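Listed below, chain by chain, are the residues.
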Amino acid sequence: MTVGSDLEIDGRRKSCIGLIAELEKAMCESNISRITVIVQDVPTKIDIYAWAKRKGHRIDAETPYDGIFKMGIVK
């Protein structure tokens, strides 16, 4: 992973649990301050919001397009 820059995780083909585990690992193991995650359904989006709040992160952007959501998560 690149230190200090954005990372994009495509979660469209991952389970919600797998996606949150990947987000957790990326936030803990790097100096990246912002991650963009792509999800394709509302339940996963809701779970990402809950995870971010629980971990003290914030969602700074959400862009819906073509049936998917692109979310920016900041440490």
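Up top is the structure.
Please read all numbers here as calculations on a predicted model, not as lab measurements.

Parameters and conventions
- Residues numbered from 1 in each chain as written.
- Predicted model: local features only at pLDDT ≥ 70, side-chain atom pairs only at ≥ 80, totals over all residues.
- Heavy atoms only, no water.
- Salt bridge = Lys/Arg side-chain N within 4 Å of Asp/Glu carboxyl O.
- Helix = DSSP H or I, 4+ residues; strand = E, 2+ residues; numbered from the N terminus.
- Buried < 20%, exposed > 50% of the residue type's maximum accessible area, 1.4 Å probe, protein only.
- Core = buried A, V, L, I, M, F, W, Y, C linked by side-chain atoms within 4.5 Å.
- Contact = heavy atoms within 4.5 Å.

### Concerning the pattern of salt bridges
So, point 1. Per the counting criterion, the structure on display carries 6 salt bridges.
So, point 2. The partner of Lys-70 in a salt bridge is Glu-8, with the nearest N and O atoms 3.4 Å apart. Highlighted residues: Lys-70 in strand 4 (residues 68-74) and Glu-8 in strand 1 (residues 7-10), separated in sequence by 62 residues.
So, point 3. The class of Lys-70 is partly exposed, set by a relative accessible area of 26%.
So, point 4. Residues Arg-12 and Asp-10 are paired through a salt bridge, measuring 2.6 Å at the closest nitrogen-oxygen approach.

### Quick word on the environment of Ile-9
So, point 1. Along the chain, Ile-9 falls in strand 1.
So, point 2. Separated by 17 residues in sequence, Ile-9 and Ala-26 have C-alpha atoms that sit 9.5 Å apart.

### Concerning the nonpolar core
So, point 1. Counting 17 residues, the largest nonpolar core has Leu-23, Val-37, Ile-48 and Ile-73 as the members making the most contacts within it.
So, point 2. Listed by contribution, the elements that provide at least two residues to this core are helix 1 (16-28), strand 2 (34-39), helix 2 (42-55) and strand 4.
So, point 3. Among the elements that line this core, the one with the most residues is helix 1, at 5 residues.
So, point 4. Every residue in contact with Ile-73, bar those within four places of it in the chain, is listed here: Leu-23, Met-27, Ser-33, Arg-34, Ile-35, Val-37, Ile-48, Trp-51, His-57, Arg-58, Ile-59 and Asp-60.

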